[in-house]
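Now for the letters of each chain:
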Amino acid sequence: MKLYTYWRSLATFRVRIALNLKGVAYEQVSVDLDAGQQSKADYKAINPQMVIPSLVEDDGTVLYQSMAIMEYLNEVYPQPPLLPADPKGRARVRALSLITVADSHPLIVPRVRNHLAATFNLDDEGRMTWVRHWFAAGLDAYETHLSRDQATGTYCHGDRVTMADLCLVSHAAGYRVFKGNLDKHPTVKRIVDTCMADERFATAQPMRQPGAPKAH
Ligand SMILES: N[C@@H](CCC(=O)N[C@@H](CS)C(=O)NCC(=O)O)C(=O)O
């Protein structure tokens with residue numbers, strides 16, 4: 001299978017972790033978001049929404065939207081499970097995942113930041129404030145849920161990795177790119193640090209992808 005990706009894409013980071021956890025081999029095809037390659041005709045034919053990730057199966061089926069892709073991988077490769085066995089647990093993991101996937105990340109993606117600049121003349125500093133606001137709002141919600149819910153364990157839900165951890169880790173990584181830190185979110189920080197100590201998470205992170213700037 002082929003993953004259309006870009007080193008710093010947070011949505012693709014989530015999918016890369018899922019692929020690593022499932023032990024699935026894949027080919028990476030880079031879509032340079034900084035060069036606007038996502039809007040070019042050849043990629044638009046694959047994903048009309050002009051966003052990454054897209055995962056193309058060997059039979060040509062195109063999967064899109066990171067959460068749908070994670071759920072697909074979880075169904076096709078059941079081990080290790082990314083969702084709990086019980087309906088209430090699954091609802092909680094999906095709900096935690098959606099804090100990032102539905103309510104935070106969509107507000108900070110390049111097309112939104114570009115629109116704020118082009119249509120509303122928001123300068124760099126204004127866009128930075130916007131992005132940090134939405135990341136922090138999501139982290140506040142995570143911190144409250146995770147610190148008060150009995151269901152929280154070593155990870156977001158109990159003592160096994162679930163899809164919620166993949167989403168949380170991508171959220172925290174994005175916040176750090178925009179110079180946020182997790183000092184006010186200790187439960188989030190504990191879980192993120194635990195996840196990132198696992199090579200299957202660490203090797204999926206943006207700075208370890210082909211094309212990422214060299215760390216200095
Ligand atoms: N909800 C989608 C978000 C996809 C998305 O917006 N991806 C970003 C990269 S993380 C993108 O391709 N942005 C291109 C743009 O905004 O022009 C998902 O989770 O897959």
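Residues numbered from 1 in each chain as written. Predicted model: local features only at pLDDT ≥ 70, side-chain atom pairs only at ≥ 80, totals over all residues. Heavy atoms only, no water.

### Section: the overall build of the chain
How we decide: By the criteria applied, helices consist of DSSP H or I runs no shorter than four residues and strands consist of E runs no shorter than two, each listed in order from the N terminus. Think of it in three bands: residues with accessible area under 20% of the maximum for their type are buried, residues over 50% are exposed, and the middle band is partly exposed, with areas taken using a 1.4 Å probe on protein chains only. In this description, contact between two residues means that some pair of their heavy atoms is separated by no more than 4.5 Å. Using a 1.4 Å probe, the Shrake-Rupley method yields the accessible areas, and only the shown protein chains count as cover for residues.
Across its full length, the chain carries 9 helices and 4 strands. In the chain, the succession of α and β elements from N to C terminus is β-α-β-α-β-β-α-α-α-α-α-α-α. Here the C-alpha coordinates of the chain stretch approximately 45 × 45 × 35 Å along the principal axes. Considering the chain as a whole, with its 216 residues, one finds that 48% of them fall into the buried category. Counting contacts in the chain only where the partners sit at least 6 residues apart, residues at least 24 apart contribute 66% of the total. Split by element, the accessible area of the chain, about 10,900 Å² in all, is 54% carbon and sulfur.

### Quick notes on the site of the ligand
Heads up, the condition is: Being near a molecule or strand, for a residue, means having at least one of its heavy atoms within 4 Å of it. Polar contact is the term for a pair of N or O atoms within 3.5 Å; when the atoms are in protein, one must be able to donate a hydrogen and the other to accept it, and sequence-neighboring residues count only if both atoms are side-chain atoms.
Surveying the vicinity of the ligand reveals 15 residues, the closest of which are Gln38, Ile52, Gln65, Ser66 and Arg111. Ile52 is positioned with one of its backbone polar atoms (N or O) 2.8 Å from a nitrogen atom of the ligand. Taking Ser66, its side chain carries an N or O atom lying 2.6 Å from an oxygen atom of the ligand. Protein coverage of the free-state accessible area of the ligand, which is 510 Å², stands at 94%. Of all elements in the fold, only helix 1 (10-22) and helix 5 (110-120) reach the threshold of two or more residues within the shell around the ligand. The element contributing the most residues to the shell around the ligand is helix 1, with 3 residues.

### Considering helix 8 (residues 186-196)
Keep this limit in mind: The directions considered for the arc run from the helix axis to the C-beta atoms.
Listing the buried residues of helix 8 in full gives Thr187, Val188, Ile191, Val192 and Cys195. Along the axis of helix 8, the buried positions cluster into a sector of 125 degrees, meaning they face one direction only. Next to the buried residues of helix 8 lie helix 6 (124-148), helix 7 (163-177) and helix 9 (199-202).

### Topic: the pairing of strand 1 (residues 2-5)
Defined as follows: What makes two strands pair is DSSP finding at least two bridges between them.
Two elements, strand 1 and strand 2 (residues 27-30), share 4 bridges in a ladder whose sense is parallel. Residue pairing in the sheet places Leu3 in a bridge with Gln28 of strand 2. Where strand 1 meets strand 3 (residues 54-56), 3 bridges bridge the pair, whose relative direction is antiparallel. In the sheet register, Lys2 faces strand 3, and the bridge partner there is Val56.

### Things to note about the domain arrangement of the chain
Test applied: Residue ranges assigned to each domain were obtained from an automatic or database domain assignment. When two components associate, each loses some accessible surface as probed by a 1.4 Å sphere; the sum of these losses over both components is called the buried area. Put simply, a salt bridge is a Lys or Arg side-chain nitrogen that is within 4 Å of an Asp or Glu carboxyl oxygen.
Segmentation of the chain into domains returns domain 1 (2-80) and domain 2 (87-202). Of note, the centres of domain 1 and domain 2, computed from C-alpha atoms alone, are 19 Å apart. Contact residues are listed per partner, giving 15 residues for domain 1 and 21 residues for domain 2. Ranking the residues of domain 1 by area buried against domain 2 places Leu10, Arg14 and Met67 at the top, with a combined share of 35%. Where domain 1 packs against domain 2, one counts 1 salt bridge. Of the charged contacts, one joins Arg94 and Glu71 as a salt bridge, the two residues approaching to 2.8 Å between their closest N and O atoms. Among the secondary structure elements, those contributing two or more residues to the side of domain 1 that touches domain 2 are helix 1 and helix 3 (66-76). Considering every element that reaches the side of domain 1 that touches domain 2, the biggest residue donor is helix 1, with 8 residues.

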